[in-house]
Amino acid sequence: ALERKKHATADELYYKAIVYTARAGHLHHAGLFNERYSDFLLQKGPYYAEDEAKYRLEQAIHYYQEWGAEAKVELLQKKLSGLGFILDSNKLRSEAMTMVSWMD
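Note that this is a predicted model, so its numbers are computed, not measured.

K.L.:
Would you mind showing me how to read helix H3 (residues 50-67) here?
P.N.:
Helical periodicity: at 3.6 residues per turn, an α-helix aligns residues three or four positions apart in one direction. Taking 1.5 Å per residue as the helical rise, H3 with its 18 residues ought to reach 26 Å, and the 26 Å between its terminal C-alpha atoms agrees with that figure. If you check which residues of H3 are buried, you get Glu 50, Ala 53, Arg 56, Leu 57, Gln 59, Ala 60, Ile 61, Tyr 63 and Tyr 64.

K.L.:
Teacher, can you tell me more about the packing of helix H1 (residues 2-23) against helix H2 (residues 27-43) here?
P.N.:
Working note: a packed helix pair is described by the angle between its axes plus the distance between those axes. Remark: H1 packs on H2, axes separated minimally by 8 Å, with the N-to-C direction vectors making an angle of 160°. One way to sum up the angle between H1 and H2 is to call them roughly antiparallel. Every pair of crossing elements has a handedness; the one defined by H1 and H2 is left-handed. Of the residues in H2, those touching H1 at His 7, Ala 10, Asp 11, Tyr 14, Ala 17, Ile 18, Thr 21 and Ala 22 are His 29, Ala 30, Phe 33, Asn 34, Arg 36, Tyr 37, Phe 40 and Leu 41. The residue inventory of the contact of H1 with H2, partitioned by class, reads 10 nonpolar, four polar and two charged.

K.L.:
Would you explain the pattern of salt bridges in this entry?
P.N.:
For side chains of opposite charge, pairing can occur when their charged atoms come near one another. Throughout the structure, instances matching the rule amount to six salt bridges. For Glu 12, the salt bridge identified is with Lys 16, shortest N-O distance 3.0 Å. Linking Glu 12 with Lys 16, this pair stays in helix H1, spanning four residues, or about one helical turn. Residues joined by salt bridges that share partners form a network here, namely Glu 35, Arg 36, Asp 39, Lys 72 and Lys 79.

K.L.:
Could you clarify how one ought to interpret the environment of Ser 38 in this entry?
P.N.:
Mapped onto the elements of the fold, Ser 38 is located in helix H2. Separated by 14 residues in the primary sequence, Ser 38 and Glu 52 have C-alpha atoms spaced 7.4 Å apart. Once residues lying within four places of it in the same chain are set aside, the contact partners of Ser 38 are Ala 53, Arg 56 and Leu 57.

K.L.:
Whenever I open this one, the nonpolar core confuses me. Can you help?
P.N.:
Proteins that are soluble and globular tend to have nonpolar side chains buried together. Within the largest apolar cluster, nine residues are counted, these being Leu 57, Ala 60, Ile 61, Tyr 64, Ala 69, Val 73, Leu 76, Leu 80 and Leu 83. Elements that contribute at least two residues to this core include exactly H3 and helix H4 (70-103). Sequence-distant contacts of Leu 57, that is, excluding residues within four places in its chain, are made with Glu 35, Ser 38, Leu 76, Lys 79, Leu 80 and Leu 83. Counting residues in hydrophobic clusters, the runner-up holds seven residues, among them Ile 18, Tyr 37, Leu 41 and Ala 53.

Rules used throughout
- Residues numbered from 1 in each chain as written.
- Predicted model: local features only at pLDDT ≥ 70, side-chain atom pairs only at ≥ 80, totals over all residues.
- Heavy atoms only, no water.
- Helix = DSSP H or I, 4+ residues; strand = E, 2+ residues; numbered from the N terminus.
- Expected span 1.5 Å × (residues − 1).
- Buried < 20%, exposed > 50% of the residue type's maximum accessible area, 1.4 Å probe, protein only.
- Axes fitted to C-alpha atoms, helices over the stretch in contact; angles between N-to-C directions.
- Parallel < 35°, antiparallel > 145°, perpendicular 65-115°, else oblique.
- Left-handed = near helix turned anticlockwise from the far one by under 90°.
- Contact = heavy atoms within 4.5 Å.
- Nonpolar A, V, L, I, M, F, W, Y, C, P; charged D, E, K, R; others polar.
- Salt bridge = Lys/Arg side-chain N within 4 Å of Asp/Glu carboxyl O.
- Core = buried A, V, L, I, M, F, W, Y, C linked by side-chain atoms within 4.5 Å.

Here it is in structure tokens:
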């Protein structure tokens, strides 16, 4: 329960940081916070919030693009495409394990 509370607090703080920095026009910080939030979500587990993690990474790319950090945008686009592959392969592996256990 304590672990869930810590994660909920972290979720809330990341969200507030993203909103406040974007509203203030600090695009590089909004990009950074989205990027780090994506990493945080993925550390919780592969199925916890993968859609949100991908969305946050896409948002990071958007903010960095608006800021003009093209090299960072390229780096994160590569990470996003690799992340999609990793997450998809994890889903496939999980589905395969489910099918195997069902057949037993």
